[in-house]
Amino acid sequence: LFRSETYSLKEINEIVASGSALSGVLDIRNSLAEKQIEITLEETIRFAKLSGEWNQGYNVKQAIDTFGIDDVRKIASKNCSLDKAVEANRYINNERSSNVSEELRESLKKGGIDVVIAIAKAGNMEVAAKTIEAGFTIEEITKFPFLISPLVTKK
């Protein structure tokens, strides 16, 4: 028999109806509690949907450590994967080995969270770099994230 002191039966039904796994939502809730961050059930469910398939609590915690809760909310509001956003940020800040020029990296950093979101939604850091090298500006990419496409690299 399952007994929850964290969520009511109505809330558990809401979680299940959303398509989220109860374990992922609980993992995220516990991670946020460790950081003393309170969020609504709806926001917890949204984070669960956007935090990857594994280690959801860890991924949300890592996103908050990287961006802060306000930017994590912004990333989530754009329906962008939180784990991909952290990966994009690492790429931009050269925490992952890459062959991106320092000039390009500085340009990406100036775009802030909007560039991180655009790159994360594209899902391919190299393609994002090629898009910029092809002549698109950071402003164009943040305004039109669909520009980050493998088609840009086709000859």
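Scroll up to find the structure this text is about.
In this report, the structure presented in the accompanying data block is examined. Keep in mind it's a predicted model, so treat the numbers as computed, not measured.

Parameters and conventions
Residues numbered from 1 in each chain as written. Predicted model: local features only at pLDDT ≥ 70, side-chain atom pairs only at ≥ 80, totals over all residues. Heavy atoms only, no water. Helix = DSSP H or I, 4+ residues; strand = E, 2+ residues; numbered from the N terminus. Axes fitted to C-alpha atoms, helices over the stretch in contact; angles between N-to-C directions. Parallel < 35°, antiparallel > 145°, perpendicular 65-115°, else oblique. Left-handed = near helix turned anticlockwise from the far one by under 90°. Contact = heavy atoms within 4.5 Å. Nonpolar A, V, L, I, M, F, W, Y, C, P; charged D, E, K, R; others polar. Salt bridge = Lys/Arg side-chain N within 4 Å of Asp/Glu carboxyl O. Buried < 20%, exposed > 50% of the residue type's maximum accessible area, 1.4 Å probe, protein only.

Time to look at the environment of F136. In this structure, F136 sits in the loop between α9 (125-133) and α10 (138-143). Between the C-alpha atom of F136 and that of I75, which follows or precedes it by 61 residues, the distance is 22 Å.

What follows covers the packing of helix α3 (residues 41-49) against helix α5 (residues 69-77). The geometry of a pair of packed helices is captured by two quantities: the angle between their axes and the separation between those axes. One way to put it is that α3 packs onto α5 with a least axis distance of 10 Å and a crossing angle of 70 degrees. It follows from the interaxial angle that α3 and α5 lie roughly perpendicular. Between α3 and α5 lies a crossing whose hand is left-handed. When α3 is examined against α5, the residues E43, R46 and F47 are found in contact with a partner set consisting of I69, V72, R73, A76 and S77. Grouping the constituent residues of the contact of α3 with α5 by class yields four nonpolar, one polar and three charged.

At a closest axis distance of 10 Å, the pairing of α5 and helix α8 (residues 112-122) adopts a crossing angle of 40 degrees. By the angle class used here, α5 and α8 are oblique. The chirality of how α5 crosses α8 is right-handed. Contact with α5, carried on its side by D71, K74 and I75, involves I113, D114 and I117 of α8 and no other residues of that element. Partitioned by chemical class, the residues of the contact of α5 with α8 number three nonpolar, no polar and three charged.

All chains considered together, the criterion is met by five salt bridges. Residue D65 pairs with K35 through a salt bridge whose shortest N-O separation is 2.6 Å. Separated by 30 residues along the polypeptide, D65 in helix α4 (residues 56-67) and K35 in the loop between α2 (22-34) and α3 bring together distant segments of the chain. The class of D65 is exposed, set by a relative accessible area of 54%. K35 sits in the partly exposed class, given a relative accessible area of 30%. Between R73 and D70 there is a salt bridge; the shortest N-O distance is 3.8 Å.

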